[in-house]
Amino acid sequence: MEFTLDTFTSLFAPLGLMSSLVLIVALGWIVARTQSTHVVLFRVWRLASGGVEVKDPAIQNFLDQQNSLMSFRFVSGLKSKRLGDARDMIAFGKDFGDETLEDFRKAGRYFDPGTKQVDVSAIPSWPWQWKNFLLMIAGFLVVYASINALLFEAPAFVRMRSTGTHFLLSLDSARSLTPFSEDIRPSDCVAGKPIPLDRGFTMAEVRSLCGILENERLETFLKPTLEDQRHLFWVMIIAGALVTRISFGAQHEIVCAKRLAK
């Protein structure tokens, strides 16, 4: 066989793109954590200038202070505006007793590094916190249900055009969305056998379903439908996880702020 470059493909071809995506995500995390683009801009300038140090002492001193401040922001999670404020926070943490910078960071938006106080008035009311808690539970349930649907290969969620009825369809069964309903299977469609009317479908719908279950093209129809449905489940997992994480983080900040305020 003639050997050419298109005879095979490298298994590591996508790694270049993946590395770029990881780098972009990392830079985005740094910017979000420090709430400043200084680190990114400074690295870009160092790359463009070939790493040449700034000759002006005042500017070099300013850049060194900014780098130190961004390091403090990134590691501690506290948004001190000046390097002096960062030093004061370190000293304040030592004088405060058993509290550490991590304890201040956990209070999030409710702790002001400038005044070194917890803004109790900014803490949301109990009704808001209950809504946030319910939102966290809803996000978790979405993730849990979607994962189970992927693991146990949930049937396709479809609609019968003639009647507008929604139901679950697989290769060997159809189930109504009515609670505690039983499946309709090909064995229920045997000629001479009474049509089951206690499964959540009308007589006309049962006859249509029997035709669908006995149709040889059913698998061809279900394959792309199930594939699209799996993609939707992955989207629901990501969205539910984000909602759960954000809601939990907000509630955790409130709890830590109240504890720190005491």
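Heads up: these notes are all about the structure in this document. (Residues numbered from 1 in each chain as written. Predicted model: local features only at pLDDT ≥ 70, side-chain atom pairs only at ≥ 80, totals over all residues. Heavy atoms only, no water.)

**Some points on the pairing of strand 3 (residues 156-159)**
Now for step 1: Where burial is concerned, the two faces of strand 3 differ: the one with A156 and V158 is buried and the one with F157 and R159 is not.
Now for step 2: For strand 3 and strand 4 (residues 166-169), the ladder comprises four bridges, and the chain directions are antiparallel. Bridge assignment links A156 to a residue of strand 4, and that residue is L169.
Now for step 3: Hairpin geometry of strand 3 and strand 4 is characterised by an intervening segment of six residues between the two adjacent antiparallel strands and by a positive phi of about 80 degrees at G164. (Buried < 20%, exposed > 50% of the residue type's maximum accessible area, 1.4 Å probe, protein only. Helix = DSSP H or I, 4+ residues; strand = E, 2+ residues; numbered from the N terminus. Pairing = 2+ DSSP bridges.)

**Some thoughts on the pattern of salt bridges**
Any two side chains of opposite charge can pair, so long as their charged atoms come close to each other.
Now for step 1: In total, this model carries eight salt bridges according to the counting rule given.
Now for step 2: The partner of R185 in a salt bridge is D172, and the shortest N-O contact between them spans 3.9 Å. You can see R185 sitting in the loop between strand 5 (174-176) and helix 7 (203-213) and its partner D172 sitting in the loop between strand 4 and strand 5, a full 13 residues away along the chain.
Now for step 3: For R185, a relative accessible area of 35% gives the class partly exposed.
Now for step 4: For D183, the salt bridge is made with R175, and the minimal N-O distance between the two is 2.8 Å.
Now for step 5: Take R175: its relative accessible area is 33%, and that puts it in the partly exposed class.
Now for step 6: Within this structure, E182, D188, K193, D198 and R199 form a network of salt bridges that share partners. (Salt bridge = Lys/Arg side-chain N within 4 Å of Asp/Glu carboxyl O.)

**A few points about the packing of aromatic side chains**
Now for step 1: If you walk through the whole model with that rule in mind, you get four aromatic pairs.
Now for step 2: Taking 5.9 Å as the distance between ring centres and 90 degrees as the angle between the ring planes, the aromatic pair formed by W130 and F133 counts as edge-to-face. Of this pair, W130 and F133 both sit in helix 6 (residues 126-151), separated by three residues, roughly a single helical turn.
Now for step 3: Residue W130 is classed as exposed on the basis of its relative accessible area, which comes to 52%. (Phe/Tyr/Trp six-rings, centres within 6.5 Å; stacked < 30°, edge-to-face > 60°.)

**So, a nonpolar patch on the surface**
Now for step 1: A cluster of nonpolar side chains, namely W126, W130, F133, L134, I137, F140, L141 and Y144, defines an oily patch on the protein surface of about 900 Å² accessible area.
Now for step 2: Mapped onto the elements of the fold, L141 is located in helix 6. (Patch = residues over 30% accessible without salt bridge, like charges linked within 9 Å, V, L, I, M, F, W, Y side chains within 5 Å. Areas by Shrake-Rupley, 256 points an atom, 1.4 Å probe, with all protein chains shown as cover.)

**Overview of the sheet that holds strand 5**
Now for step 1: Sheet architecture is open: three strands sit in the order 3-4-5, paired in antiparallel fashion. Looking at the sheet topology across the chains shown, the edges are occupied by strand 3 and strand 5. The sheet shows a mean angle of 35 degrees between the axes of neighbouring strands, direction not considered.
Now for step 2: Relative to the sheet, helix 8 (residues 218-261) contacts strand 3 and strand 4, its axis offset from that of strand 3 by approximately 110 degrees. (Axes fitted to C-alpha atoms, helices over the stretch in contact; angles between N-to-C directions. Contact = heavy atoms within 4.5 Å.)

**So, the side chain of S170**
Now for step 1: With respect to the helices, strands and loops of the structure, S170 is situated in the loop between strand 4 and strand 5.
Now for step 2: A polar side-chain atom of S170 sits 3.1 Å from a polar atom in the side chain of D172.
Now for step 3: One polar contact links S170 to S173, side chain to side chain, over a distance of 2.8 Å.
Now for step 4: When near neighbours in sequence (up to four residues on either side) are disregarded, S170 contacts P155, L213, L218 and L222. (Polar contact = N/O pair within 3.5 Å; in protein donor to acceptor, adjacent residues only side chain to side chain.)

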